[in-house]
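Structural characterization, general
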Amino acid sequence: MAKHISTPRDVPKQKKGERNVDMNEPLKFKLFSVYGKLLYREELEKAYKAVKANNGCAGVDKISIAKFDENKDEYLGQILSELKAKTYKPSPVKRKYIPKKNGKLRPLGIPTIKDRIVQQALVNQLNGFFEENVFHDNSCGFRPGRDAKLALKKIVSRLESGYLYVYDFDIKGYFDNIPHKKLMKVLNKYVADGTVLDMIWKWLKAGYMEDNIRHEQLSGTQQGGVISPLLANIYLNELDWELDKAKLEFVRYADDSIVMCQTKEDLERAKEVVHRVIRELGLELAEDKSDDIDFHNKDFDYLGFTFGHLKMSKNNRVYYVVKPSDKSVKKFKADIKAVTGKTCSFSYEKWAEILNPILRGKYNYYLKAYEAITEIRELLVQRNRESHGLFASPFGETDGYVRQRLRVSFSCRGKKHGGIRQSKLLNVKYGNSFFVKDMKLVTGGFLQTRILYPDRSVDEYLEYIGTHKKKRTVTPEAKRFYKFAYAK
């Protein structure tokens, strides 16, 4: 099957001719005089606006965004004075835990508003330099103007180009295990400002507070800190350029990486490079989460999507399917179930107010894969080439689940008991038209339609799905249910 899908690449690699230097060697012209750029009130004001927009919680000093805002001028003046006198000292972060997908807890470190402002001001100064001079084009996470859609486009493009052998690897506790001294050694290759390097070192060593006890931070960057994603990208950039040097195609989103190869020999070579560099960086691979994938007969998951292996259609056409992973859909249902209890008796407007932000966020993320496949397909059509990727829409299932949960809630109104059986009686009264047109509920199907047909109205969408609706086969059990359910 590989020969049907093997074609030149569509996503160009980053130009390296502009820099006559190995990217894993120190830059000839480093970034210097950074600290002086922080000593301006307007820079701190700009940083504070970004911190305020994120609306995080208070740190160990218990000063919230609202409290800081009340005395903003005084606080910013104090920060500026400390920076000018070089007496600024970061506080320990506040330790919090959030649940992970596997049921375990992920530790977060919440810096004080003051520390977040200084970190944001430094990030504002560093970002442009690293974007222009250091970072690899195949790194897509936590970078300005880059997102999961770009990572998906790169994967789809390479699959279309015959890169069908994939090494999917996971770094064990990456953010928590970055060695501080090795990270500073990497930073020294690009930054020549000693005061800035000293400030970053103090952030790394600030420790964390838990149960009113201060703990030392021996390794890692605190997840929750403003500068943490930038530092994490700088450190793994070492791996990016080693893979590039070995002429291996890869895609990285933060610490989530895959290497894509055209032959099994290249796949083995990719594994050797990854293992060597990860070991040199003082990190460890999670072998139970790493896998070799032959895309001819094995699926793989990336960024919450499942890439289904190559298949042959009845018309002898090679294709593969991309869809939200089962875990992702299961998480979607759990999130919807958590806010649609039977005892909730909100108005229709209130329900839309509660659900629409959740649905819009989930659906827009799912549609990133659809947009990636569509854009690559358009590019291939322009080049008179056949595309093979298809998007398997989850919206029939997810939209249906949302409607079901709402009907269950509606069936409990004015009654002591309601449930799925009673909600089925409301399918006609509360049909698609009610939820989309009257209730103005966000639906994935309509959002997907608007990507291809931006001018399509709600009425046109409802007419379309009405004419293309599949006829249901009614089982004898269902017939008996409706016979007694509607009996007078």
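Please read all numbers here as calculations on a predicted model, not as lab measurements. (Residues numbered from 1 in each chain as written. Predicted model: local features only at pLDDT ≥ 70, side-chain atom pairs only at ≥ 80, totals over all residues. Heavy atoms only, no water.)

Description of the sheet that holds strand β5 (residues 213–215)
- Strands sit in the order β2-β1-β4-β5 across an open sheet of 4 strands; the sheet is mixed. The open sheet has two edge strands, β2 (105–110) and β5, and neither has a second partner. This sheet shows a mean twist of 45° between the axes of neighbouring strands, independent of strand direction.
- Here strand β1 (residues 93–99) runs beside β2; their pairing, made up of 6 bridges, is antiparallel. Its bridge partner being in β2, Ile98 is matched across the sheet by Arg106. (Pairing = 2+ DSSP bridges. Helix = DSSP H or I, 4+ residues; strand = E, 2+ residues; numbered from the N terminus. Axes fitted to C-alpha atoms, helices over the stretch in contact; angles between N-to-C directions.)

Some words on the pattern of salt bridges
- For the coordinates displayed, the defined rule picks out 30 salt bridges.
- Of the charged contacts in the structure, one is a salt bridge between Arg41 and Asp73, with a shortest N-O distance of 3.3 Å. Residue Arg41 is found in helix α2 (residues 41–54), and its partner Asp73 is found in helix α4 (residues 72–85); the two are separated by 32 residues along the sequence.
- Between Asp291 and Lys298 there is a salt bridge, with its nearest N and O atoms 2.8 Å apart.
- Exposure remark for Asp291: the relative accessible area of 29% places this residue in the partly exposed category. (Salt bridge = Lys/Arg side-chain N within 4 Å of Asp/Glu carboxyl O. Buried < 20%, exposed > 50% of the residue type's maximum accessible area, 1.4 Å probe, protein only.)

Some points on the pairing of strand β7 (residues 256–261)
- Most of β7 is tucked away: 5 of the 6 residues are buried.
- The sheet contact formed by strand β3 (residues 165–170) and β7 spans 6 bridges and is antiparallel. Residue pairing for β7: Asp168 is matched across the bridge by Ile258.
- Note that strand β6 (residues 249–253) and β7 share 5 bridges and pair antiparallel. When the bridges of β7 are listed, Phe250 appears paired with Val259.
- What sits between β6 and β7 in their antiparallel hairpin is a turn of 2 residues, with Ala254 showing a positive phi close to 60°.

Quick notes on α4
- Under the 1.5 Å per step criterion, the end-to-end length of α4 is 20 Å for 14 residues, consistent within 8% with the ideal 20 Å.
- Taken together, the buried residues of α4 touch α2, α3 (65–70) and α5 (113–133).
- Of the residues trailing α4, Lys86 is marked for its positive phi of about 55°. (Expected span 1.5 Å × (residues − 1). Contact = heavy atoms within 4.5 Å.)

Topic: the nonpolar core
- One finds Ile117, Leu122, Ile200 and Val259 to be the most contacted residues of the largest nonpolar core, which totals 71 residues.
- Sorting elements by how many residues they give to this core places α5 first, with 9 residues.
- Beyond its immediate stretch of four places on either side in the chain, Ile117 contacts Leu44, Ala47, Tyr48, Val51, Phe68, Leu76 and Ile79.
- Judged by nonpolar contacts, the second largest core, of 51 residues, contains Val251, Tyr320, Trp351 and Leu441. (Core = buried A, V, L, I, M, F, W, Y, C linked by side-chain atoms within 4.5 Å.)

Regarding the packing of aromatic side chains
- Considering all chains together, one arrives at 25 aromatic pairs under this definition.
- Summarising the aromatic geometry, the rings of Phe305 and Tyr365 are spaced 5.4 Å apart at their centres and angled 25° between planes, so their arrangement reads as stacked. Here Phe305 is found in strand β10 (residues 305–307), whereas its partner Tyr365 is found in helix α13 (residues 348–382), with 60 residues between them in sequence.
- Classification of Tyr365 by relative accessible area gives partly exposed; the value is 27%.
- When the ring of Phe346 is compared with that of Trp351, the centres are 5.1 Å apart and the planes differ by 75°; the resulting orientation is edge-to-face.
- An aromatic cluster of at least three residues, connected via ring pairs, comprises Tyr348, Phe410, Tyr430, Phe434 and Phe435.
- When the ring centre of Tyr453 is taken as reference, the NZ or CZ atom of Arg456 above it lies at 4.4 Å. (Phe/Tyr/Trp six-rings, centres within 6.5 Å; stacked < 30°, edge-to-face > 60°. Lys NZ or Arg CZ within 6 Å of the ring centre and 35° of its normal.)

Re a positive patch on the surface
- Together, Lys101, Lys104, Arg106, Lys289 and Lys327 make up a positively charged patch on the protein surface.
- Along the polypeptide, Lys327 turns up in helix α12 (residues 326–339). (Patch = residues over 30% accessible without salt bridge, like charges linked within 9 Å, V, L, I, M, F, W, Y side chains within 5 Å. Areas by Shrake-Rupley, 256 points an atom, 1.4 Å probe, with all protein chains shown as cover. Lys, Arg positive; Asp, Glu negative; His and termini not counted. Charge placed at Lys NZ, Arg CZ, Asp CG, Glu CD.)

Thoughts on the sheet that holds β6
- The strand order across the open sheet formed by 4 strands is β6-β7-β3-β8, and the pairing between neighbours is antiparallel. Two strands in the sheet have a free side with no partner beyond their single neighbour: β6 and β8 (291–294). Sheet twist, expressed as the mean angle between neighbouring strand axes with direction ignored, is 20°.
- Its contacts with the sheet place helix α10 (residues 228–245) against β3, β6 and β7, and it is angled at close to 170° to β6.
- Its contacts with the sheet place helix α11 (residues 264–280) against β3, β7 and β8, and it is angled at close to 20° to β3.

Observations concerning the pairing of β3
- Buried residues dominate β3, accounting for 5 of its 6 residues.
- Relative to β8, β3 is paired through 4 bridges, and the arrangement is antiparallel. Pairing of Val166 across the sheet is with Ile293, part of β8.

Here's the deal with helix α14 (residues 395–411)
- With 17 residues, α14 ought to run about 24 Å at 1.5 Å a step, and its terminal C-alpha atoms sit 24 Å apart, in line with that.
- Burial analysis of α14 places 14 of its 17 residues in the buried class, the great majority of the element.

Describing the environment of Asp244
- Assignment of secondary structure puts Asp244 in helix α10.
- Residue classification places Asp244 among the buried residues on the basis of a relative accessible area of 7%.
- Expressed as a C-alpha distance, the spacing of Asp244 and Asn138, which sit 106 residues apart in the sequence, is 9.6 Å.

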